[in-house]
Amino acid sequence: MVIYPEGIWYGPTTADDVDEIIEPHVKQGKLVERLVMVFAK
């Protein structure tokens, strides 16, 4: 799951994870660090 325009990638594994992303990130603009995907360059 990627949130635009920020380009933040999340790796939710359950429906609860998706709910956890929607409320703080989409509605409040807060990063959900435990679900952020990190890509090596």
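This write-up is about the structure you can find in this document. (Residues numbered from 1 in each chain as written. Predicted model: local features only at pLDDT ≥ 70, side-chain atom pairs only at ≥ 80, totals over all residues. Heavy atoms only, no water.)

A closer look at the packing of aromatic side chains
For any two aromatic rings, the description comes down to two numbers: the centre-to-centre distance and the angle of the planes.
Step number 1: In this structure the tally under the stated criterion is one aromatic pair.
Step number 2: Measuring from ring centre to ring centre gives 6.0 Å for Trp-9 and Phe-39, while their planes differ by 85°; the resulting arrangement is edge-to-face. Residue Trp-9 is found in strand E2 (residues 8–9), and its partner Phe-39 is found in the segment after helix H1 (15–28); the two are separated by 30 residues along the sequence. (Phe/Tyr/Trp six-rings, centres within 6.5 Å; stacked < 30°, edge-to-face > 60°. Helix = DSSP H or I, 4+ residues; strand = E, 2+ residues; numbered from the N terminus.)

A few points about the nonpolar core
Grouped burial of nonpolar side chains is what soluble globular proteins tend to show.
Step number 1: Counting residues in each nonpolar core, the largest one holds five residues, listed as Ile-3, Tyr-10, Ile-21, Val-32 and Leu-35.
Step number 2: Beyond its immediate sequence surroundings of up to four residues, Ile-21 is in contact with Met-1, Ile-3, Tyr-10, Pro-12, Val-26, Val-32 and Leu-35. (Core = buried A, V, L, I, M, F, W, Y, C linked by side-chain atoms within 4.5 Å. Buried < 20%, exposed > 50% of the residue type's maximum accessible area, 1.4 Å probe, protein only. Contact = heavy atoms within 4.5 Å.)

With respect to the side chain of Asp-17
Step number 1: Within the secondary structure layout, Asp-17 lies in helix H1.
Step number 2: Given the relative accessible area of 7%, Asp-17 is considered buried.
Step number 3: There is a polar contact of 2.8 Å between the side chain of Asp-17 and the side chain of Arg-34.
Step number 4: When near neighbours in sequence (up to four residues on either side) are disregarded, Asp-17 contacts Pro-12, Arg-34 and Leu-35. (Polar contact = N/O pair within 3.5 Å; in protein donor to acceptor, adjacent residues only side chain to side chain.)

Function-wise, these values are silent; they only describe arrangement.
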